[in-house]
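Letter by letter, the chains look like this.
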Amino acid sequence: MGEGKKKDVIDLAKYLEHGVRVKFNGGREVTGMLKGYDQLVNLVLDDCVEFIRDPLDPNKITNETRNLGLVVCRGTQVWIISPVDGMEEIENPFLET
C-alpha cells in the first residue's frame, strides 16, 4: 500500500511573502504578510494589523487599527483568507435600503 503525504485543504503557497487579510470566527479581522502555514491552516503573519470593531455594532469595522507585529493564528479560528492586492469591498446587494 502506497502512503503519500496528505494534500493540504487549501494551497497557500502562492500567498507566501504576500499581504493577506484574515477574518476569524467572532468577527476579528487582520492584515499581514503571510510568512508560514501548515495543513491545519495555522498561520504566521508578520507586520500584522488588527481592524478595530465598533463597540456599538460588532459587525461594523471602524477606521481604527492596532499594530500587532508578528502573530501566530490558530487555524480552527480562521474563517476567510484573501489576498490584500486585488481585493475591494463592495456594497451588499442583499441589504434592503
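All figures in this text were calculated on a predicted structure; none of them were measured in a lab.

Rules used throughout
The numbering scheme is per chain: residues are counted from 1 as the chain's sequence reads. Reporting of local features is limited, given that this is a predicted model, to residues whose pLDDT is at least 70; pairs of side-chain atoms are given and counted only at 80 or more, and all residues count toward the totals for whole chains, interfaces and linings. Processing note: side-chain calculations cover all non-hydrogen atoms of the structure and skip hydrogens and water entirely. The helix and strand labels rest on DSSP assignments: H or I over at least four residues marks a helix, E over at least two residues marks a strand, and numbering proceeds from the N terminus. Buried means the residue's accessible area, taken with a 1.4 Å probe over protein chains only, is under 20% of the maximum for its type, while exposed means over 50%, and partly exposed covers the values in between. Any pair of residues with heavy atoms lying within 4.5 Å of one another is described as a contacting pair. When DSSP locates at least two bridges between a pair of strands, those strands are taken to pair. The nonpolar core is taken to be a set of buried Ala, Val, Leu, Ile, Met, Phe, Trp, Tyr and Cys residues, with the residues joined through side-chain atoms within 4.5 Å. Only C-alpha atoms enter the line fits that serve as axes; for helices the fit covers just the stretch in contact. Angles between N-to-C directions range over 0 to 180 degrees. Each Phe, Tyr or Trp ring (for Trp, its six-membered ring) is paired with any other whose centre lies within 6.5 Å, and the angle between the two planes then decides the class: stacked below 30 degrees, edge-to-face above 60, tilted in between. Look at NZ for Lys and CZ for Arg. If either is within 6 Å of the ring centre and within 35 degrees of the ring normal, a charge sits over the ring. N or O atoms within 3.5 Å of each other form a polar contact, as long as, within protein, one can give a hydrogen and the other can take it, and as long as residues adjacent in sequence are counted only when both atoms are side-chain atoms.

## What to know about the overall build of the protein chain
A tally of helices and strands in the protein chain yields zero helices and five strands. In the protein chain, the succession of α and β elements from N to C terminus is β-β-β-β-β. Classification of the 97 residues of the protein chain by burial places 25% in the buried group. Counting only contacts in the protein chain whose residues sit at least 6 apart along the sequence, the fraction spanning at least 24 positions is 43%.

## So, the pairing of strand β3 (residues 43-53)
As defined by bridge partners, strand β2 (residues 29-37) adjoins β3 across seven bridges and the pair is classed as antiparallel. By the bridge assignment, Met33 is partnered in β3 with Asp46. Following β2, the chain reverses through five residues before pairing antiparallel with β3; Val41 in that reversal takes a positive phi of roughly 65°.

## Side note on unusual backbone geometry
Even without being a glycine, Glu17 presents a positive backbone phi close to 65°. Among the secondary structure elements, Glu17 is positioned in the segment before β1 (19-24). Residue Val41 is not a glycine yet carries a positive backbone phi of 65°. Inspection of the secondary structure puts Val41 in the loop between β2 and β3. For Val41, a relative accessible area of 17% gives the class buried.

## Structural notes on the nonpolar core
The tendency in soluble globular proteins is for nonpolar side chains to be buried as a group. One finds Val22, Leu43 and Leu45 to be the most contacted residues of the largest nonpolar core, which totals 13 residues. Apart from the residues within four sequence positions on either side, Val22 is in contact with Arg28, Glu29, Val30, Leu43, Leu45, Val78 and Ile80.

## A few points about the sheet that holds strand β5 (residues 78-83)
Spatially, β4-β3-β2-β1-β5 is the arrangement adopted by the five strands of the open sheet, whose pairing is antiparallel. Each of the sheet's edge strands pairs with one partner strand only, and the pair in question is β4 (61-73) and β5. Across this sheet, the average inter-strand angle for adjacent strands is 30°, counted without regard to direction. Two elements, β3 and β4, share eight bridges in a ladder whose sense is antiparallel. Residue pairing in the sheet places Glu50 in a bridge with Arg66 of β4.

## Considering the packing of aromatic side chains
Applying the stated criterion across every chain yields a total of zero aromatic pairs. Over the ring of Phe51 we find Arg21; its NZ or CZ atom is 4.2 Å from the centre of that ring.

## Re the side chain of Arg21
Inspection of the secondary structure puts Arg21 in strand β1. What makes Arg21 buried here is its relative accessible area of 18%. Looking at Arg21, its side chain comes within polar contact range of the side chain of Glu29, at 2.7 Å.

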